Amino acid sequence: MYRIDLHSHSINSTDGSITIEDYDKIIKSGRLNYIAITDHNSIDYAKKANAKLGENIIIGEEIMTLSGEIIGLYLSEKIPPKLSLEETINQIKRQNGLVYLPHPLENIRKGIGLDNLKKIIDKVDIVECYNGRSFTTSIKDQLLKELKLKNIVCASGSDSHGKIGFGRTMTIINDKPNKENLVQLLKNAKFINRTAGPISRFYPTLNRLRAKYDK
């Protein structure tokens, strides 16, 4: 059994504070086995962590499109922000990456929203059906049924921006993941849907204030 988290933010995100040392510790502890670093509009730190920690780190990017945020997983090149949703997806696919939708129904947190999701649903690989920092906890039952009908898999992501609460929200799969088998593995996954706690929800604000003060 392998514990994975496909949504986290390192110190390279302006609102993140997880370091390579933190990633290393949580992997060595066994609380998580594979972690995607999905910084905002950047893959630099993810590439650096992957070079140091190996395949346990998945290179990802949370990309701000004109319609909200989506994540590309298993990327090799940075995808620029402020493209259309469709063009961003095309750029992920050109890299043979996977399209992952974070907190899709939370417009207040820059999710793409239900209408946009329905427009691009056939191009999506994975939907984040539970987010550890979410205030609404999970996607609506009606949408969940639609995803199952279309054979689109779910994942539980922590969306961690700091150490507290990291390793509480996860997806459990039966084999080592890679970009070729991850979607298939998620069809039989188990989900640990625990909230990361109140402090984790305020990490982005605290980290931005800290970064501003440090300057």
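In what follows, the structure referred to is the one given above.
On a predicted model such as this, the values are computed, not experimentally measured, just so you know.

Let's shift gears to the packing of aromatic side chains. Per the stated rule, a full pass over the model turns up two aromatic pairs. Ring centres of Tyr-2 and Tyr-34 lie 6.1 Å apart, and the angle between their planes is 65 degrees; on these two criteria the pair is classed as edge-to-face. On the criterion of sequence distance, the pair formed by Tyr-2 in strand E1 (residues 2–5) and Tyr-34 in strand E2 (residues 34–40) is long-range, its members being 32 residues apart. Look at Tyr-34 and you get buried, because its relative accessible area is 4%. Where Tyr-23 meets Phe-166, the ring centres are 5.8 Å apart and the plane angle is 90 degrees; that geometry is what we call edge-to-face. Of this pair, Tyr-23 sits in helix H1 (residues 20–29) while Phe-166 sits in the loop between strand E7 (153–157) and strand E8 (170–173), and the two are 143 residues apart along the sequence.

Below, the discussion takes up the environment of Gly-167. Its location among the elements puts Gly-167 in the loop between E7 and E8. Under the relative-accessibility criterion, Gly-167 is labelled buried at 6%. Linking Gly-167 and Gly-30, residues 137 residues apart in sequence, is a C-alpha distance of 9.5 Å.

Evaluated as defined, the whole model comprises one disulfide. Covalent S-S linkage joins Cys-129 and Cys-154, the inter-sulfur distance amounting to 1.9 Å. Taking the torsion about the S-S bond as the criterion, the Cys-129 to Cys-154 disulfide, at about -50 degrees, is left-handed. With Cys-129 in strand E6 (residues 126–131) and Cys-154 in strand E7, the pair connects residues that are 25 residues apart, well separated along the chain.

Here the focus is the side chain of Ser-160. Checked against the element boundaries, Ser-160 lands in the loop between E7 and E8. Only 2.8 Å separates the side chain of Ser-160 from the side chain of Ser-158, close enough to count as a polar contact. When residues no more than four places from it in sequence are discounted, the contact partners of Ser-160 are His-7, Ser-8, His-9, Ile-18, Gly-165 and Phe-166.

Rules and cut-offs
Along each chain, residue indices are assigned from 1 in the same order as the chain's sequence is written. Under the rules for a predicted model, residues below a pLDDT of 70 receive no local features and side-chain atom pairs below 80 are neither given nor counted, while totals for whole chains, interfaces and linings still include all residues. Here the side-chain values reflect all heavy atoms present in the structure, with hydrogen atoms and water set aside. Centre distance within 6.5 Å is the pairing criterion for rings of Phe, Tyr and Trp, where only the six-membered ring of Trp is used; planes under 30 degrees apart are then read as stacked, over 60 as edge-to-face, and the remainder as tilted. Helix and strand assignments come from DSSP, with helices taken as H or I runs of at least 4 residues and strands as E runs of at least 2, each series counted from the N terminus. Exposed residues in this analysis have more than 50% of their type's maximum accessible area, buried residues have under 20%, and partly exposed residues fall in between, with area computed by a 1.4 Å probe over protein chains only. In plain terms, two cysteine sulfur atoms within 2.5 Å form what is called a disulfide here. Under the rule applied, a polar contact is a pair of N or O atoms within 3.5 Å (in protein, one hydrogen donor and one hydrogen acceptor; residues adjacent in sequence only if both atoms are side-chain atoms). The contact criterion used throughout is that any non-hydrogen atoms of two residues lie within 4.5 Å.

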